[in-house]
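# Fold and geometry: a report
Each chain is listed here by its residues.
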Amino acid sequence: MIISPNCGVKLVVPTAASKLSENSPLVNYALNGLERCWLSEHRRWSHIYHLDGRSSPNESVPNSDVFYTLNVLLGMSRICEVPDGIDLPEVFHRNVLQLTKLPVRKYAFGMALWSGAQLGLEIPEPVKRELKALLADESRWKSFRAQDLGMLLTGVVAQARAGENEWWCYAGPLLSFLEGMLP
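Within every chain, residues take consecutive numbers counted from 1 along the sequence as written. Under the rules for a predicted model, residues below a pLDDT of 70 receive no local features and side-chain atom pairs below 80 are neither given nor counted, while totals for whole chains, interfaces and linings still include all residues. As a rule here, side-chain values come from all non-hydrogen atoms in the structure, and water together with hydrogens is ignored.

## Section: the overall build of the protein chain
Where we set the bar: Secondary structure elements are taken from DSSP: a helix is a run of H or I of four residues or more, a strand is a run of E of two residues or more, and numbering for both begins at the N terminus. Per-residue accessibility, obtained with a 1.4 Å probe over protein chains only, is compared with the maximum for each type, and a residue is labelled buried under 20%, exposed over 50%, and partly exposed between these values. Contact between two residues is taken to exist if any of their heavy atoms lie within 4.5 Å; hydrogens are not considered. A 1.4 Å probe and the Shrake-Rupley method give the accessible areas. Residues count as covered only by the protein chains that appear here.
Within the protein chain, the regular secondary structure consists of seven helices and eight strands. Counting only residues that meet the buried cut, the protein chain has 38% of its 183 residues in that class. Long-range contacts, defined here as pairs at least 24 residues apart, represent 55% of the contacts in the protein chain between residues at least 6 apart. Surface summary for the protein chain: the accessible area is close to 10,300 Å², and the carbon and sulfur share equals 55%.

Shown next, in the form of structure tokens:
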């Protein structure tokens, strides 16, 4: 048994590589599944994995893969041991920068803010500029879907709580807008 300051008491179980892991068996099971979805040439995870036995089971849809990758990174911020070969800052920055190049839903920017805050990683300037322009124009908020609004608010608050105070100015107005949408 290992007592980890970040993860509490964990049972140590051997992995396929016969090394001890600080992750729970369930986390290791999930990581093994994610390994199959890894697109090494793009440094991201595919959000579509076919189980029908085809030779290339991963199907890449870049704008969805980028969001899925940011979601995976958010999860990895909570585990004790990140798999070898996954450079979290490199994967994060590479994929966050894709948000300004691909047709993504607005909620993907919220996921970038949230995962960046949890990982302690800086949001690249081009992404900050685009996001701040979006958040500064409240007339555009009426086009947000519930998921856009919820993820953006979550990301803004996560960044502010992580000490990135430049995001606080958006939290109150986003919350007020959300509350105004309720019956």
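## Overview of the packing of helix α2 (residues 62-76) against helix α3 (residues 88-98)
Under the convention used in this document: An axis is simply a line fitted to the C-alpha atoms; with a helix, the fit covers only the stretch in contact. Between two such axes, the angle follows the N-to-C directions and lies from 0 to 180 degrees. We call a crossing left-handed when the near helix sits turned anticlockwise from the far one by less than a right angle, and right-handed when that turn is clockwise. Each residue is assigned to one class: nonpolar for Ala, Val, Leu, Ile, Met, Phe, Trp, Tyr, Cys and Pro, charged for Asp, Glu, Lys and Arg, and polar for all the others, Gly among them.
Running from N to C, α2 and α3 cross one another at 150°; their axes reach a closest spacing of 9 Å. Regarding α2 and α3, the two cross each other, and that crossing is left-handed. Judged by residue contacts, Val66, Thr69, Leu70, Leu73 and Met76 of α2 engage Leu88, Val91, Phe92, Asn95, Val96 and Gln98 from α3. Broken down by class, the residue content of the contact of α2 with α3 amounts to eight nonpolar, three polar and no charged.

## Some points on the confidence of the model for the protein chain
What counts, and what does not: pLDDT runs from 0 to 100 and stands for how confident the predictor is about each residue.
Within the protein chain, residue pLDDT values average 89, and 90% of them lie at 70 or more. The low-confidence segment residues 1-6, where pLDDT is below 50, has 13 contacts with residues more than four positions distant or belonging to other chains. Every residue in residues 8-15 is under pLDDT 50, and counting partners more than four places away or in other chains gives 25 contacts.

## Structural notes on the nonpolar core
The following threshold applies: We call a set of buried Ala, Val, Leu, Ile, Met, Phe, Trp, Tyr and Cys residues a nonpolar core when their side-chain atoms join them within 4.5 Å.
Of all hydrophobic cores here, the largest spans 45 residues; its most connected members are Trp45, Leu70, Met76 and Leu99. The residues contacting tryptophan 45, other than those within four sequence positions of it, are Leu34, Cys37, Trp38, Leu39, Asp65, Tyr68, Thr69, Val72, Leu73, Met76, Ile86 and Val91.

## Digging into the pattern of salt bridges
Quick note on the threshold: A pairing counts as a salt bridge when a side-chain nitrogen of Lys or Arg comes within 4 Å of a carboxyl oxygen of Asp or Glu.
Under the counting rule described, the total for this entry stands at eight salt bridges. Residue aspartate 148 pairs with arginine 105 through a salt bridge whose shortest N-O separation is 2.8 Å. On the criterion of sequence distance, the pair formed by aspartate 148 in helix α6 (residues 146-161) and arginine 105 in the loop between α3 and α4 (107-119) is long-range, its members being 43 residues apart. When the shortest N-O distance is used, the salt bridge between glutamate 125 and lysine 128 registers 3.6 Å. Of this pair, glutamate 125 and lysine 128 are both found in helix α5 (residues 125-136), three residues apart, which corresponds to roughly one turn of the helix. Exposure remark for glutamate 125: the relative accessible area of 45% places this residue in the partly exposed category. In this structure, a network of salt bridges that share partners links the residues Glu122, Glu125, Lys128, Lys132 and Glu166.

## Notes on unusual backbone geometry
Not every positive phi belongs to a glycine, and arginine 43 is a case in point at roughly 55°. Mapped onto the secondary structure, arginine 43 falls in the loop between β5 (38-39) and β6 (44-45).

## Here we look at the environment of valine 156
Looking at the secondary structure, you find valine 156 in helix α6. Judged by its relative accessible area of 0%, valine 156 falls in the buried class. Here valine 156 is in contact with Leu113, Leu135, Trp167, Tyr170, Ala171 and Leu174, once residues within four sequence places are set aside.

## Details of the side chain of serine 46
Note the threshold: Polar contact is the term for a pair of N or O atoms within 3.5 Å; when the atoms are in protein, one must be able to donate a hydrogen and the other to accept it, and sequence-neighboring residues count only if both atoms are side-chain atoms.
Inspection of the secondary structure assignment puts serine 46 in the loop between β6 and β7 (48-49). Within the structure, serine 46 has its side chain in polar contact with the backbone oxygen of glutamate 59 (distance 2.7 Å).

## Digging into the packing of aromatic side chains
Applicable threshold: Only the six-membered ring of Trp is used, alongside the rings of Phe and Tyr, when aromatic pairs are assigned; centres must lie within 6.5 Å, and planes under 30 degrees apart are stacked while those over 60 apart are edge-to-face, with the rest tilted. For a lysine, the NZ atom is tested; for an arginine, the CZ atom; a charge sits over a ring if that atom is within 6 Å of the ring centre and within 35 degrees of the ring normal.
Enumeration according to the criterion identifies five aromatic pairs in this entry. Note on tryptophan 141 and phenylalanine 177: the rings are 5.6 Å apart at their centroids and 80° apart in plane angle, and the pair reads as edge-to-face. In this pair, tryptophan 141 sits in the loop between α5 and α6 while phenylalanine 177 sits in helix α7 (residues 168-181), placing the two residues 36 residues apart along the sequence. Looking at tryptophan 141, the relative accessible area reads 1%, which means it is buried. Through pairs of rings, three or more aromatic residues link up here, namely Trp141, Phe144 and Phe177. A cation over an aromatic ring shows up here: lysine 132 above the ring of tryptophan 167, its NZ or CZ 5.3 Å from the ring centre.

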